[in-house]
Amino acid sequence: MDTLSRLERTVAERRTADPSQSYVASLHAKGLPQIARKLGEEGVEAAVATLSGSRDELVGEAADILFHLVVALQARDIPLAAVLAELDRREGRSGIEEKASRSA
């Protein structure tokens, strides 16, 4: 089992835990707006680290984004496999071509 699969399983297990004992459970207890806010914050922090942070800072922020993205996906009942399938579907196409196909 790869790292993201283990993370997805761990987040699923902790989703219904006691919110005072689990960060994942506390996010879920606060609802989608809080989950979305945290995902957005991590995105901004990663962008800042991309511009002015060290390599280690960017690695840490990238890990935070992946973690919070998995939490958000599970909150919407979307398996990580659906995202990976979408990436597979896009493979081999230029980003410009793929983006143009979404606006058509």
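Residue indices begin from 1 for each chain and proceed along its sequence in written order. The predicted origin of the model limits local features to residues at a pLDDT of at least 70 and limits the giving and counting of side-chain atom pairs to 80 or more, whereas totals for whole chains, interfaces and linings rest on all residues. The side-chain numbers reported here are obtained from all heavy atoms of the structure, hydrogens and water having been left aside.

**So, the confidence of the model for the protein**
Item 1. Each residue gets a pLDDT score, which is the predictor's confidence in that residue and runs from 0 to 100. Scored by pLDDT, the protein comes out at a mean of 94, with 98% of its residues at no less than 70.
Item 2. Only DSSP runs of H or I with at least four residues qualify as helices, and only runs of E with at least two residues qualify as strands; both kinds are numbered from the N terminus onward. The spread of mean pLDDT over the elements of the protein runs between helix α6 (residues 95-103), the lowest at 74, and helix α4 (residues 55-75), the highest at 98.

**Some thoughts on the packing of aromatic side chains**
Item 1. Whether two aromatic rings pair depends on their centres lying within 6.5 Å, for rings of Phe, Tyr and Trp, where Trp uses its six-membered ring; planes under 30 degrees apart make the pair stacked, over 60 edge-to-face, and the rest tilted. Evaluated as defined, the whole model comprises one aromatic pair.
Item 2. Consider the rings of Y23 and F67, whose centres lie 6.1 Å apart with planes at 20 degrees: the pair is stacked. One end of the pair, Y23, is in helix α2 (residues 23-30); the other, F67, is in helix α4, and 44 residues separate them in sequence.
Item 3. A residue is classified by how much of its surface remains accessible, and Y23, at 39% relative accessible area, is partly exposed. With a 1.4 Å probe rolled over the protein chains alone, any residue whose accessible area is under 20% of its type maximum counts as buried; one over 50% counts as exposed, and the rest are partly exposed.

**Some words on unusual backbone geometry**
Peptide bonds are, in most cases, trans, and in most cases residues other than glycine have a negative phi.
Item 1. A positive phi angle is found at D77, which is not glycine, with a value near 55 degrees.
Item 2. For D77, the location among the structural elements is in the loop between α4 and α5 (80-90).

**A closer look at the nonpolar core**
It is characteristic of soluble globular proteins that their nonpolar side chains tend to be buried jointly.
Item 1. Here, nonpolar core refers to any group of buried Ala, Val, Leu, Ile, Met, Phe, Trp, Tyr and Cys residues whose side-chain atoms link them within 4.5 Å. Core analysis: the largest hydrophobic core is formed by nine residues, namely V11, V24, L27, I35, F67, V70, V71, A72 and A75.
Item 2. For this core, the elements supplying multiple residues, two or more each, are α2 and α4.
Item 3. Per-element accounting of this core gives the leading share, five residues, to α4.
Item 4. When checking whether two residues touch, look at their non-hydrogen atoms; a contact exists if any pair is within 4.5 Å. Not counting chain neighbours up to four residues away, the residues in contact with V71 comprise V11, V24, L27, H28 and I35.

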